[in-house]
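Working through the structure, step by step
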Amino acid sequence: MKHLRINPLFAVILLLSPFIVYGLTLLLPTFDDWGYFTTPDYDYGNKFSDRLIPRYTYWRPWDGLIGYVLSLKPLWFPTFNHIIVYLAHLGATFTVWHIARQLCFKPFACHMAALYFFISPAMLGTVLGIDSPNQAYSSFWGLLALLTYLRLHGWRRIVVWLLCATIGTLAKENAIVFFVIPQIVAFGFGRITWKQAWRDTLWAAIVVAAYFSARWLLTTDVVFINDEYFENTWARKLKNIGVFLGLTWLPIDYVSLVHPPCRNIPIVLATLLLSMPFMVALLAGNLRRSLTLPFAALALSLLAAASPHLVTLFTAMHPYAGLGIAALMVGYMVHHSSHPLLLKRLLPLFVLSCLFIDWHHWQKSYESGLTGKRMAQNILAHTPRPIDRVFLIIVYDDAPKYSSFCVIPRDAFGRGKSVCWLNGYQWPKHIEIADLEANEAYLIDRIADKAVADHYEAVWLVQGETAKVIR
C-alpha cells in the first residue's frame, strides 16, 4: 500500500478507473458474447457440477462459476463481466510493475512496463470483451506466478508459484506455459542456477501431469472440436504470426486499416507517426542488449506465452496472453536505453497514439453493441405478447467485420439472444433457426409459412441491419 500511495502512475490509473469502468459498461454483447459460458442462460444441464468439469475441449470452472452467478442475477450481464475483466487487467498492470522491480529495473523503466501493458492496443481484444474473463485471469494469475517465483524462496516459492499457475490454467489453458516461464526468466536474470531451474521444472511437470490426469478422468463422452482452431495451413500460421507481431509491437489504428467501411489511411499514418518514434528510439538504444541472456530469456518467454495461440488460432484477444512479458521487454529496453531523455520526450506522442487507438476501438465496439440492441428492440416493438417458440430466419451476406470491434449486424443480434437479454431471459424459451445465403432469400416466405403451420408463435427475419417480425 505504501507504493500505491506514492506511485504517480498508479495514482493516475486509479483516479481514471471509475471513468474507464463506466465506459466499459456501455459496451453491449455481440457475436460470441451471447453464447459463451459466462452468460446467464448457458445450458450446463441440471447438475451444478457440470459447470466445474471439462466441457468440450475446455476446462474452465471459473467461467462456469461466473455463468452461475449471472444465472441468479441475469440483470448483471454484461456489467458484471466488464467489471471483473477490468479488475484482472488492473491487477495484472500492478503485477507487471512489481515484476519489473524484482528484476531491478530503474523506476522509469518499471513505469514504462506497466504503462505499456495498461494502454497497449494489444489489450483491447480482452479488456473490451465480455466473454474474456478467462483470458484476463489466466494472464493475471500467470504473471502472479512469475512474481511469486522471483520474490519468494524455498518451499514457499514452489507452493505459491505452482498454485498460481494452476489457478491460471483453470481460467484458460494457455496459462500452462507459466509452469516454465518463471524458471526461464529467473535463470536469464541470474536469480537461479541451471540445476535449480531443472529441479523446479520437475515439480511443475508433476503438477501438469496431475492436471491432465484429472482432466482426462473428468472429461465426458461429448466432445466438440472447433476445426477453426486446427486449420494447419501455412497461410493460417503466417497470419497468426502477423497478428501476434503487429498487435504486440505496432501501435496503429487497425480499425482504420483492416475494416473496409472504416478504412482511413491518413488516420493509420497519423497513429503510426505518433507511436513509432518512441518504438524506434527504444530499439535503437538497445541493439547490443538484444544479444544478452536476460533479453533472450524474455524473448523466449514471450514466444512461449504466445505459442498456444500461434499453433492454433490468433485473434485480437490472444496478444493479451503474452502482453505482460512484452511489457517487461519494453521495461528492460528502457532500463538499458542509451537515450532515456529522448524516450521521455517521445513518450507523450506514443501515449496519445495509443489512447486514440483505444478510444476508436471502444467506439466501434459500442456502435456494434447498439446495432444488436436496436435490432432486438425492433423485434420486441412488433411482438405484442410473451411467446415461447420462435422461428428465426437469418439471411447471410458478405458484410465485412473486424474481430469483436466491427461486428456484422446479424452477429450483433446474437441469433435471437439479444431479444432474450432485453426480456431478462424470460422469453422466448426456444428459438429455431434457418440460415440462408443471399441467393436463397426467395425461400423466406415458404419457410415462414411452414413455421406457422408447425405452430411457431412468431417468425423473425434478420437481413442486413434489419430485424423484423414477418409472421
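Right above here is the structure, for reference.
Residues numbered from 1 in each chain as written. Predicted model: local features only at pLDDT ≥ 70, side-chain atom pairs only at ≥ 80, totals over all residues. Heavy atoms only, no water.

Observations regarding the overall build of the protein
On a plain count of helices and strands, the protein comes out with 19 helices and 4 strands. Computed over its C-alpha atoms, the radius of gyration of the protein comes to 24 Å, within 12% of the 23 Å expected for a compact globule of 471 residues. Each principal axis of the C-alpha atoms in the protein carries an extent, and together these give about 75 × 55 × 45 Å. When each of the 471 residues of the protein is scored for burial, the buried share is 53%. A sequence separation of at least 24 residues applies to 78% of the contacts in the protein between residues at least 6 apart. In the protein, which carries 39 positive and 29 negative side-chain charges, the distance between the mean positions of the two groups comes to 16 Å. (Helix = DSSP H or I, 4+ residues; strand = E, 2+ residues; numbered from the N terminus. Rg over C-alpha atoms; globule rule 2.2 N^0.38 Å. Buried < 20%, exposed > 50% of the residue type's maximum accessible area, 1.4 Å probe, protein only. Contact = heavy atoms within 4.5 Å. Lys, Arg positive; Asp, Glu negative; His and termini not counted. Charge placed at Lys NZ, Arg CZ, Asp CG, Glu CD.)

Some thoughts on the nonpolar core
Ile 99, Phe 105, Phe 117, Ile 181, Phe 278 and Leu 328 are the most contacted members of the largest nonpolar core, which has 95 residues in total. Considering each element in turn, this core owes the most residues, 11 residues, to helix 15 (residues 320-335). Filtering out sequence-adjacent residues up to four positions away, Leu 328 remains in contact with Val 96, Ile 99, Ala 100, Phe 105, Leu 146 and Leu 298. Of all hydrophobic cores here, the second largest spans 14 residues; its members include Ala 376, Val 390, Ile 394 and Trp 460. (Core = buried A, V, L, I, M, F, W, Y, C linked by side-chain atoms within 4.5 Å.)

Thoughts on the pairing of strand 3 (residues 458-463)
Counting buried positions over the 6 residues of strand 3 gives 5, a clear majority of the element. When strand 1 (residues 389-395) meets strand 3, the two strands line up parallel, connected through 6 bridges. Bridge pairing in strand 3 links Phe 391 to Val 459. Alignment of strand 3 against strand 4 (residues 466-469), held across 4 bridges, turns out to be antiparallel. Across the sheet, residue Val 462 finds its bridge partner in strand 4, namely Ala 467. In textbook terms, the turn of a hairpin is the stretch between consecutive antiparallel strands, and for strand 3 and strand 4 this stretch comprises 2 residues, one of which, Gly 464, has a positive phi near 65°. (Pairing = 2+ DSSP bridges.)

Notes on the pattern of salt bridges
In the structure shown here, the tally under the stated rule is 11 salt bridges. Measuring nitrogen to oxygen at the nearest pair gives 3.5 Å for the salt bridge that ties Arg 374 to Glu 465. Of this pair, Arg 374 sits in helix 16 (residues 340-381) while Glu 465 is found in the loop between strand 3 and strand 4, placing the two residues 91 residues apart along the sequence. Two residues, Asp 445 and Arg 471, come together in a salt bridge whose shortest N-O distance is 3.6 Å. Of this pair, Asp 445 sits in helix 19 (residues 444-453) while Arg 471 sits in the segment after strand 4, placing them 26 residues apart in sequence. We classify Asp 445 as partly exposed; its relative accessible area is 47%. Among the charged side chains, a salt-bridge network with shared partners connects Asp 445, Asp 449 and Arg 471. (Salt bridge = Lys/Arg side-chain N within 4 Å of Asp/Glu carboxyl O.)

Section: empty space enclosed by the protein
Following the criterion strictly, the structure yields 2 cavities of 30 Å³ or more and no others. By volume, the largest cavity is sized at about 50 Å³. Taken together, Pro 121, Leu 124, Gly 125, Leu 247, Tyr 254, Ala 316, His 361, Tyr 402 and Phe 405 make up the lining of the largest cavity. Class assignment of the residues belonging to the lining of the largest cavity gives a composition of 7 nonpolar, 2 polar and no charged. A per-class count over the lining of the second largest cavity returns 5 nonpolar, 1 polar and 3 charged. (1 Å grid on protein atoms, 1.4 Å probe; cavity = no way out; pocket = protein on both sides within 12 Å on 5 of 7 lines; lining within 4 Å. Points joined across faces, edges and corners; volume = space filled by probe spheres on them. Nonpolar A, V, L, I, M, F, W, Y, C, P; charged D, E, K, R; others polar.)

Remarks on unusual backbone geometry
Cis geometry is adopted by the peptide bond preceding Pro 78, which originates at Phe 77 and carries an omega value of 5°. With respect to the helices and strands, the residue Pro 78 is situated in the loop between helix 3 (61-72) and helix 4 (79-102). Residue Pro 428 follows Trp 427 across a cis peptide bond; omega there is -5°. Within the secondary structure, Pro 428 sits in the loop between helix 18 (417-422) and strand 2 (430-436). Phi at Cys 104 takes a positive value of approximately 65°, unusual for a residue other than glycine. Even without being a glycine, His 455 presents a positive backbone phi close to 70°. Mapped onto the fold, His 455 is located in the loop between helix 19 and strand 3.

Focus on the layout of surface pockets
Taken as a whole, the second largest pocket encloses approximately 580 Å³ of empty space. Lining of the second largest pocket is provided by 21 residues; of these, Ile 20, Phe 118, Met 123, Leu 355 and Asp 358 occupy positions nearest its centre. Mapped onto the lining of the second largest pocket, the elements with two or more residues apiece are helix 2 (8-25), helix 4, helix 5 (107-119), helix 6 (124-127) and helix 16. Residue composition of the lining of the second largest pocket, by class: 18 nonpolar, 2 polar and 1 charged.

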